[in-house]
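What follows is each chain in one-letter form.
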Amino acid sequence: MSFTCKIDHDGLWLSVAFSRPLQIASWAVHRPGLVEAGQILWRKVNNSDLPLDVDPQVWLVKELSQRGALDAVTMLTSCDIGNYRVCEAQVEEAHVTAICTAGLSNAERVGARLDWGKDGWGTINLAVIIEQGLQQWALFEAMSIASEARTAAVYDADLKIATGRATGTGTDCIALAAPQGDASYAGLHTALGEAIGKAVYQATSQAVVLWKQSKFGQAF
């Protein structure tokens, strides 16, 4: 392993810090796209943090500035980030770690929409760390496998909503990190694809179980 990572939960923040910058692909609120960064952060938010007249990106920049972490890829969620789950998978030479926080209060079934308003938004936020060095296009293929595994875990949780069985939420996010390298493939036929699927499916499933046991999950 050419880098190490440290996971830490501190109040409103959950962090995954790397010993050196990695390429990270995401659609996170802060530093989305394909960037180099030394850490991935979650920030728990409440309705009082983000009233309608507050731009969440501007607000988050201020929070990150106070933390000295403006370089971090950062996701937002209203779910209990203390219920994060970490799962690892090793398949042949491929090793993957998945860290997941889950809330499904604004669950959706793909291809349909419900009006959930502004209360109780949870979000499934995932960080996926791959030890193997990847070409950029393999990073995107790996992202598709992580998304597939997350969706499978939510579907298997059998959460019924008005439009059918939920497949995710309206605000899910994935941040996938890996060193730059020569590996060109990460599909379902590869050891890496299998490892991504195992780690993400297990972490998401475990986090969803915790949410279903919460007061929000029991309301469904």
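Computed from a predicted structure; not experimentally measured.

Engineer: Would you explain the side chain of N125 in this entry?
Structural biologist: Inspection of the secondary structure assignment puts N125 in strand β8 (residues 123-130). Exposure remark for N125: the relative accessible area of 1% places this residue in the buried category. Within polar-contact distance, the side chain of N125 engages the backbone oxygen of L76 at 3.2 Å. In this structure, N125 is in contact with W42, M75, L76, T77, I99, C100, T101, T171, D172 and C173, ignoring residues within four places of it in sequence.

Engineer: What's the story with the pattern of salt bridges in this structure? I'm lost.
Structural biologist: Pairing between side chains becomes possible if they bear opposite charge and their charged atoms approach one another. Enumeration over the complete set of coordinates arrives at five salt bridges. The residue E63 makes a salt bridge to R43 at a minimum N-O spacing of 2.7 Å. With a gap of 20 residues between them, E63 in helix α1 (residues 56-67) and R43 in strand β3 (residues 33-44) connect regions that are remote in the sequence. Grouping residues by exposure puts E63 and R43 together as buried. Where R165 meets D158, a salt bridge forms, and the shortest distance between an N and an O atom there is 3.1 Å. According to the relative accessible area criterion, R165 is partly exposed, its value standing at 26%. Several salt bridges converge on common partners, so that one network encompasses D158, K160 and R165.

Engineer: What am I meant to see in the nonpolar core here?
Structural biologist: Within soluble globular proteins, side chains that are nonpolar generally end up buried alongside one another. I130, L134 and I196 are the most contacted members of the largest nonpolar core, which has 43 residues in total. Elements represented by at least two residues in this core include exactly β5 (85-91), β6 (94-103), β8, α2 (136-156), β12 (173-178) and α3 (191-213). Residue contacts for L134: discarding those within four places in its chain leaves Q23, L139, A142, A178, P179, Q180, G181, A183 and L192.

Engineer: Help me out: how do you make sense of the state of the cysteines in this one?
Structural biologist: In a disulfide, the sulfur atoms of two cysteines are held together by a covalent bond. With the rule as written, the count across this model stands at zero disulfides. Cysteine C5 is unpaired, with the sulfur of C87 as its nearest cysteine sulfur at 14 Å. Taking relative accessible area as the criterion, C87 reaches 6% and is therefore assigned buried.

Engineer: I would appreciate a short explanation of the pairing of strand β2 (residues 13-26) in the present structure.
Structural biologist: The side chains of a regular strand alternate, residue by residue, between the two faces of the sheet. With 10 of 14 residues buried, β2 is to be regarded as a mostly interior element. Where strand β1 (residues 5-10) and β2 come together, six bridges link them in antiparallel fashion. The partner of D10 across the bridge, within β2, is W13. Hairpin connection from β1 to β2: two residues lie between these consecutive antiparallel strands, with G11 at a positive phi of about 65°. Across 10 bridges, β2 lies against β3 in antiparallel orientation. By the bridge assignment, I24 is partnered in β3 with V35. Linkage of β2 to β3, two consecutive antiparallel strands, is achieved through a turn of six residues, within which R31 is found at a positive phi near 60°. Note that β2 and β12 share four bridges and pair antiparallel.

Engineer: What exactly am I supposed to notice about unusual backbone geometry here?
Structural biologist: Keep in mind that most residues, glycine aside, have a negative phi and that most peptide bonds are trans. Phi is positive for R31, close to 60°, though the residue is something other than glycine. For R31, the location among the structural elements is in the loop between β2 and β3. Judged by relative accessible area, R31 falls into the partly exposed class, the value being 27%. Phi at D158 takes a positive value of approximately 60°, unusual for a residue other than glycine. Following the sequence through the fold, D158 ends up in the loop between α2 and β9 (160-161). A relative accessible area of 35% places D158 in the partly exposed class.

Engineer: How should I be thinking about the packing of aromatic side chains in this particular structure?
Structural biologist: Working definition: an aromatic ring pair is given by the centre-to-centre distance plus the angle between the planes. According to the stated counting rule, one finds one aromatic pair in the structure shown. Considering the side-chain rings of F3 and F18, the 6.1 Å spacing of their centres and the 85° angle between planes classify their relative orientation as edge-to-face. Pair noted here: F3 is in the segment before β1 and F18 is in strand β2, with a separation of 15 residues, a long-range link. When sorted by exposure, F3 lands in the same class as F18, which is buried. R165 extends its terminal NZ or CZ atom over the ring of Y155, reaching a point 4.3 Å from the ring centre.

Calculation criteria
Residues numbered from 1 in each chain as written. Predicted model: local features only at pLDDT ≥ 70, side-chain atom pairs only at ≥ 80, totals over all residues. Heavy atoms only, no water. Helix = DSSP H or I, 4+ residues; strand = E, 2+ residues; numbered from the N terminus. Buried < 20%, exposed > 50% of the residue type's maximum accessible area, 1.4 Å probe, protein only. Polar contact = N/O pair within 3.5 Å; in protein donor to acceptor, adjacent residues only side chain to side chain. Contact = heavy atoms within 4.5 Å. Salt bridge = Lys/Arg side-chain N within 4 Å of Asp/Glu carboxyl O. Core = buried A, V, L, I, M, F, W, Y, C linked by side-chain atoms within 4.5 Å. Disulfide = S-S within 2.5 Å. Pairing = 2+ DSSP bridges. Phe/Tyr/Trp six-rings, centres within 6.5 Å; stacked < 30°, edge-to-face > 60°. Lys NZ or Arg CZ within 6 Å of the ring centre and 35° of its normal.

Geometry only, nothing functional implied.
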